[in-house]
Amino acid sequence: MRLTVIGTGYLGATHAACMAELGHEVLGVDVDPDKIAALRAGRVPFHEPGLPELIAQHTATGRLRFTTSYEEAAAFGQVHFSCVGTPQSKDSEAADLTYVDAVIENLGPLLPEGALVVGKSTVPVGTADRLAGRLAELAGPGAELAWNPEFLREGFAVADTLRPDRLVLGVRSARAEELLRAVYAPVIAAGTPVVSADFPTAELVKTAANAFLATKISFINAMAEVCEAAGADVSVLAEAIGHDERIGRKFLRAGVGFGGGCLPKDIRAFAHRADELGVSLAFLREVDRINMRRRDRVVELARDLCGGAVLGARIAVLGAAFKPDSDDIRDSPALNVAARLRLDGADVTVYDPQAMDNARKAFPLLGYALSAEEAVRGADVVLHLTEWPEFRELDPERLRTLAGRPRIVDGRGVLDAGRWAAAGWEFRALGRPAPG
Ligand code: NAD
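Counting starts from 1 at the beginning of each chain's written sequence and moves along it residue by residue. Confidence filtering applies because this is a predicted model: local features only for residues at pLDDT of at least 70, side-chain atom pairs given and counted only at 80 or more, and all residues used for totals across whole chains, interfaces and linings.

## Quick word on the overall build of the protein chain
- Only runs of H or I of at least four residues qualify as helices and only runs of E of at least two qualify as strands under DSSP, and these elements are numbered from the N terminus. Tallying secondary structure elements over the protein chain gives 19 helices and 14 strands in all.
- The principal-axis extents of the C-alpha atoms in the protein chain amount to approximately 70 × 45 × 40 Å.
- Counting other C-beta atoms within 10 Å of its own, a residue is labelled buried from 20 upward, exposed at 12 or fewer, and partly exposed in the gap between, with every C-beta atom placed from the backbone. Looking at the protein chain as a whole, 50% of its 436 residues are labelled buried.
- A pair of residues counts as a contact when their C-beta atoms, built from backbone coordinates, are separated by no more than 7 Å. Across the protein chain, every contact between residues at least 6 apart in sequence was considered, and the portion connecting residues at least 24 apart equals 70%.

Here it is, written out as structure tokens:
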């Protein structure tokens, strides 16, 4: 089939490459000419394992192409996937739908009879219904809208697109469902469950899933707060409650909390939209507050380890990306903590295996090192804030010889406390007593 993918950011570039991998002819469209130039040259402007290979492979054969032209897109595609951003509005918790609207405004008037536009962005419930009305005004009754929310995780984006847990097809006609089933035929044939739904349900599946995940993380982080007050150990607590299959062990590790371009803005937009509908999701605001308090707690621990103030202290921050296997620094807890300590007068040096360029651009006043060892050299406190596998492999004995003072806060709850303590480190973790 001939598909277009409009918006070639994290979601769109991955979706375009994976649709080519499924055998479709794909045209990626973006308003950012630099991004399009990079993708045309087979370069992916962000870090995502496996994606550069896929893009290079399919741009080489011509099955995957990129353009900035909506005219070209409208003439080319039978199905148009809209993958543009829905960030938080500047002045409220609501989602900013400017880009989603712009796709319909730009594409709508150009579409031929029979075209299907498929929204993949995360949007407030009610958006698809509104956009369908606008599309009918612009393109006439021949063009149709569907909503097919995306659940991929950065760092696993290719695998998640080719082998998703489920496909959610928000459709208003049998024809729209048939077209989407044809697009995803190989994925469906591999046994992926398909859930067909009306527009509001399809939109809500995505926001409900993100709200649930955020709640699970904040739940264990709230337990970490209680453990800190009571002298208990949240890692043991999480393991014990996780043995209950109804609870499960995933997403139950206490730490500095979630960040990124999705969960924080999605739970805010969901609570805001629910208010508009007259339903209170006040608990999601508490989920957000618990999450932000964990960042405060890391700052507090760093301050305590420095004897009450960080002014003039040298602090090494291990991690800048909001999660491992990504260079995405949107709402990164690590950089948020680093910037706050810098504001309090600390001399902060950051190291991340992939996100250094993005971090430097966004936080030019922080110091940057080329390796974890270089960051730790002479540090008064080390903060472990992004769960990269290479940080787990660090040798506490060796780092002990480099640090100015051997003190570490494990903000991700994965380092071996006993081993670090045995190597002479003062070790602190969230929700756990200091090793005795
Ligand atoms: P992003 O900011 O990385 O990408 C958005 C892209 O859209 C940019 O390249 C931008 O230049 C382009 N764009 C903006 N306006 C445009 C227009 N009018 N026409 C064409 N292109 C335009 O965002 P993202 O992380 O890929 O997220 C996109 C959507 O997918 C959001 O709604 C997000 O919540 C959702 N989502 C993201 C992920 C993820 O892990 N990143 C996962 C699931 C869902």
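## Overview of the UniProt feature "active site" (unreviewed entry) in the protein chain
- UniProt positions are given in the numbering used here, feature names are shortened, and annotations may be inferred rather than shown by experiment. Mapped onto the present numbering, the UniProt feature "active site" (unreviewed entry) falls at Cys262.
- Looking at the secondary structure, you find Cys262 in the loop between helix 11 (234–242) and helix 12 (263–276).

## With respect to the site of the ligand
- In the vicinity of the ligand there are 26 residues, among which Gly7, Gly9, Leu11, Ser121 and Thr122 approach most closely.
- A class-by-class count of the residues in the shell around the ligand yields twelve nonpolar, nine polar and five charged. Near residues are defined by distance alone, with the backbone-placed C-beta atom required to lie within 6 Å of the molecule or strand. Residue type decides the class: Asp, Glu, Lys and Arg count as charged, Ala, Val, Leu, Ile, Met, Phe, Trp, Tyr, Cys and Pro as nonpolar, and the leftover types, Gly among them, as polar.

## What about unusual backbone geometry?
- Of note in the backbone geometry, Phe251 takes a positive phi value of approximately 60° without being a glycine.
- Here Phe251 is to be found in the loop between helix 11 and helix 12.

## Describing the domain arrangement of the protein chain
- One can read the domain layout of the protein chain as domain 1 (2–196) and domain 2 (198–436).
- Domain 1 puts 25 residues into the contact, and the matching count from domain 2 is 26 residues.
- Listed by contribution, the elements that provide at least two residues to the side of domain 1 that touches domain 2 are helix 6 (127–139) and strand 7 (167–170).
- Sorting elements by how many residues they give to the side of domain 1 that touches domain 2 places helix 6 first, with three residues.
- Across the side of domain 1 that touches domain 2, the residue classes tally to 14 nonpolar, eight polar and three charged. All domain edges in this entry derive from an automatic or database-based domain assignment.

## What to know about the sheet that holds strand 10 (residues 347–351)
- Spatial ordering of the open sheet is given by 11-10-9-12-13-14, a layout of six strands whose pairing is parallel. This sheet does not close on itself; its edge strands, each paired only once, are strand 11 (367–368) and strand 14 (426–429). At least two bridges found by DSSP between two strands is the condition for calling them paired.

## A few points about the environment of Leu383
- Within the secondary structure, Leu383 is located in strand 12 (residues 381–384).
- C-beta crowding within 10 Å serves as the criterion here: with 29 such atoms nearby, Leu383 is assigned to the buried category.
- Spatially, the C-alpha atoms of Leu383 and Asp32 are 36 Å apart, while their sequence positions differ by 351 residues.
- Setting aside anything within four residues of it in sequence, one finds Leu383 in contact with Val298, Ala302, Ile315, Ala316, Val317, Leu318, Val337, Val409 and Gly411.

## Considering helix 6
- Every helix has an expected span of 1.5 Å times one less than the residues it contains. The terminal C-alpha atoms of helix 6, which comprises 13 residues, lie 18 Å apart, in line with the 18 Å expected from a rise of 1.5 Å per residue.
- On its buried side, helix 6 packs onto helix 5 (98–107), strand 5 (116–119), strand 6 (144–147), strand 7 and helix 10 (199–230).
- Immediately beyond the C-terminal end of helix 6, within one or two residues, lies Gly140, with a positive phi of roughly 85°.

## Focus on the pairing of strand 7
- The alternating pattern of strand 7 places Leu167 and Leu169 on one face and Val168 and Gly170 on the opposite face, and all of these are buried.
- Note: strand 7 against strand 8 (residues 194–197), four bridges, orientation parallel. From the neighbouring strand, Val168 faces strand 8, where its bridge partner is Val195.

## What about the packing of helix 13 (residues 282–305) against helix 14 (residues 333–343)?
- With their axes 10 Å apart at the nearest point, helix 13 and helix 14 run at an angle of 45° to one another. In terms of orientation, helix 13 lies oblique with respect to helix 14. Judged by the twist between their axes, the crossing of helix 13 over helix 14 is right-handed. Counting all contacts with helix 13, which are made through Arg295, Val298, Val299 and Ala302, the residues of helix 14 involved are Pro333, Asn336, Val337, Arg340 and Leu341.
- Grouping the amino acids of the contact of helix 13 with helix 14 by side-chain chemistry returns six nonpolar, one polar and two charged. Think of each axis as a best-fit line through the C-alpha atoms, taken over the contacting stretch in the case of a helix, with angles from 0 to 180 degrees between the N-to-C directions. Roughly parallel here means an angle under 35 degrees, roughly antiparallel means over 145, roughly perpendicular means 65 to 115, and every remaining angle is called oblique. When the near helix sits turned anticlockwise from the far one by under a right angle, the crossing is termed left-handed; a clockwise turn instead gives a right-handed crossing.

## Topic: the packing of helix 1 (residues 10–21) against helix 3 (residues 51–61)
- Two numbers describe how helix 1 lies on helix 3: the axes approach to 9 Å, and their chain directions differ by 55°. With respect to helix 3, the axis of helix 1 lies oblique. Between helix 1 and helix 3 lies a crossing of left-handed hand. Facing Ala13, Thr14, Ala17, Ala20 and Glu21 of helix 1, the residues of helix 3 in contact are Leu51, Leu54, Ile55 and His58.
- The class makeup of the residues in the contact of helix 1 with helix 3 is six nonpolar, two polar and one charged.

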